[in-house]
Amino acid sequence: MSSNTFIELLNNGPVICAEGFLFELERRGYLTAGEFVPEVALEDPHALENLHKDFQRAGSHIVQAFTYNGHREKMRVIAKEELLEPLNRSALQIAKKVALAKPNNFMAGNISNSNIWNPEDNQSQNEVKKMFTEMVEWAVDEGADLIIGETFYYAEEAFAALEIAKKSGLPVVLTLAPMAGDTLRDGWNVVDTCKELEQRGADVVGMNCFRGPETMLPDVLKIREAVSCHVAALPVPFRTNAQ
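Each residue is numbered by its place in its chain's sequence as written, counting from 1. Local features are withheld for residues below a pLDDT of 70 in this predicted model, meaning they are given only at 70 or higher, and side-chain atom pairs are given and counted only at 80 or more; totals for whole chains, interfaces and linings count all residues. The side-chain figures draw on all heavy atoms in the structure; neither hydrogens nor water molecules are used.

Secondary structure elements follow DSSP: runs of H or I no shorter than four residues count as helices, runs of E no shorter than two count as strands, and numbering proceeds from the N terminus. Check the secondary structure of the protein chain and you find 10 helices and 6 strands. For the protein chain, the C-alpha radius of gyration of 17 Å lies close to 18 Å, the compact-globule estimate for 243 residues. When the backbone C-alpha atoms are referred to their principal axes, the protein chain occupies close to 45 × 40 × 40 Å. Among the 243 residues that make up the protein chain, the fraction classed as buried is 51%. Within the protein chain, contacts between residues at least 6 apart in sequence are counted, and of these 74% link residues at least 24 apart. The atom set for the radius of gyration is the C-alpha atoms, and the globule formula is 2.2 Å times the number of residues raised to the power 0.38. Burial classes follow relative accessibility: with a 1.4 Å probe on protein chains only, a residue under 20% of its type's maximum area counts as buried, one over 50% as exposed, and anything between as partly exposed. Any pair of residues with heavy atoms lying within 4.5 Å of one another is described as a contacting pair.

Following this line, the structure appears as structure tokens:
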């Protein structure tokens, strides 16, 4: 599926991307709580493939490769850094297989918050950029139709992710995840960050994680008013409230 077709589909109406791999695979017994590393792509690939198919049957247009937390730093923490590239490529290949089985479905490569980004430490920032670069390159190699960057707590980390993802030549979706209020950890307002992401070339901007539909929607509506590009909203399926 070409990236141009993805943009055309967006221009014609809503596109659905199902997520929630971490908690659903934990619930099914395939993932360890606490570490939340997507080793299931290597250890139980059929389980991951079946979850993709479940999401697909439920109406998802995008098969997002389960590489969330599958970055070099996380793999280093659990002393399995040698599995980094095989894990990423397996997750991407599984997602591509499922996407190709249904017309008008797309496979998305995925990068996300690193947990080591430090606004005051250039070395940590460079490490994060290297992690993003290799993951995007693997996604391109495995035939991704777009890149999704998600769950960013820092605006500057999201900007770095966008810059690297744009080099792929694929459409880029960037979503932010403030844990409380409408301000990210480096002081950027969510709406202003989305406006800046659009100016820097993001095809889709928005929010994901931490909030349910009712608590995410007010901020998403503000983003919708502030930008002219497409807007994404990926809430958690819980009855969250302001507290």
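Back to the text.
Geometry of an aromatic ring pair is reported as the spacing of the ring centres plus the angle between the planes. Pairs were defined over the aromatic rings of Phe, Tyr and Trp, the Trp ring being its six-membered one, requiring ring centres within 6.5 Å. Orientation was assigned from the angle between planes: stacked under 30 degrees, edge-to-face over 60, tilted for the rest. Taken as a whole, this structure holds 6 aromatic pairs when the rule is applied. Plain terms: the ring middles of Phe132 and Phe152 are 6.1 Å apart, the flat faces sit at 90 degrees to each other, and that makes the pair edge-to-face. On the criterion of sequence distance, the pair formed by Phe132 in helix α7 (residues 122–141) and Phe152 in strand β3 (residues 146–152) is long-range, its members being 20 residues apart. Neither Phe132 nor Phe152 differs from the other in exposure class; each is buried. Where Tyr153 meets Phe210, the ring centres are 6.0 Å apart and the plane angle is 40 degrees; that geometry is what we call tilted. Note that Tyr153 is positioned in the loop between β3 and α8 (155–166) and Phe210 in the loop between β5 (204–208) and α10 (213–226), a separation of 57 residues in sequence. According to the relative accessible area criterion, Phe210 is partly exposed, its value standing at 32%. Counting every residue linked through ring pairs, the aromatic cluster contains Phe21, Phe55 and Phe66.

Let us look at unusual backbone geometry. The phi torsion of most residues other than glycine is negative, and most of the peptide bonds are trans. In this structure, Asn69 is a non-glycine residue whose phi angle is positive, near 70 degrees. Locating Asn69 in the fold gives a position in the loop between β1 (62–64) and α5 (72–77).

The residue Glu134 is located in helix α7 in this model. For Glu134, a relative accessible area of 14% gives the class buried. Those residues in contact with Glu134 that sit more than four places away from it in its chain are Arg72 and Leu84.

What follows concerns the environment of Met75. With respect to the helices, strands and loops of the structure, Met75 is situated in helix α5. Linking Met75 and Val37, residues 38 residues apart in sequence, is a C-alpha distance of 7.6 Å. Ignoring sequence-local partners within four residues, the contact set of Met75 consists of Val37, Lys80, Glu81, Leu83, Leu84 and Leu87.

So, on to the sheet that holds strand β2 (residues 106–112). An order of β1-β2-β3-β4-β5-β6 is seen for the 6 strands of this open sheet, with the pairing classed as parallel. In this open sheet, the two edge strands, each paired with only one partner strand, are β1 and β6 (230–234). Across this sheet, the average inter-strand angle for adjacent strands is 25 degrees, counted without regard to direction. What makes two strands pair is DSSP finding at least two bridges between them. Across 5 bridges, β5 lies against β6 in parallel orientation. By the bridge assignment for β6, Gly206 is matched with Ala232. Lines fitted to C-alpha atoms define the axes here, with helix axes fitted over just the stretch in contact, and angles between the N-to-C directions of these axes take values from 0 to 180 degrees. Packed onto the sheet, α8 meets β2, β3 and β4 (172–176) and runs at close to 170 degrees relative to β4.

Tracing the backbone through its elements, the reader meets Glu198 in helix α9 (residues 190–199). Charge assignment: positive for Lys and Arg, negative for Asp and Glu; neither His nor the chain ends contribute. By definition here, a salt bridge exists when the distance from a side-chain nitrogen of Lys or Arg to a carboxyl oxygen of Asp or Glu is within 4 Å. It is Arg224 that comes nearest to the buried, bridge-free Glu198 among opposite-charge side chains, at 6.4 Å. Those residues in contact with Glu198, other than ones at most four positions away along the chain, are Val205, Val227, Ser228 and Cys229.

In the structure shown here, the tally under the stated rule is 19 salt bridges. With a closest N to O distance of 3.1 Å, Asp141 and Arg89 form a salt bridge. With Asp141 in helix α7 and Arg89 in helix α6 (residues 84–100), this pair connects stretches of sequence that are 52 residues apart. Two residues, Lys130 and Glu127, come together in a salt bridge whose shortest N-O distance is 3.9 Å. Residue Lys130 and its partner Glu127 are located together in helix α7, separated by 3 residues, close to a single helical turn.

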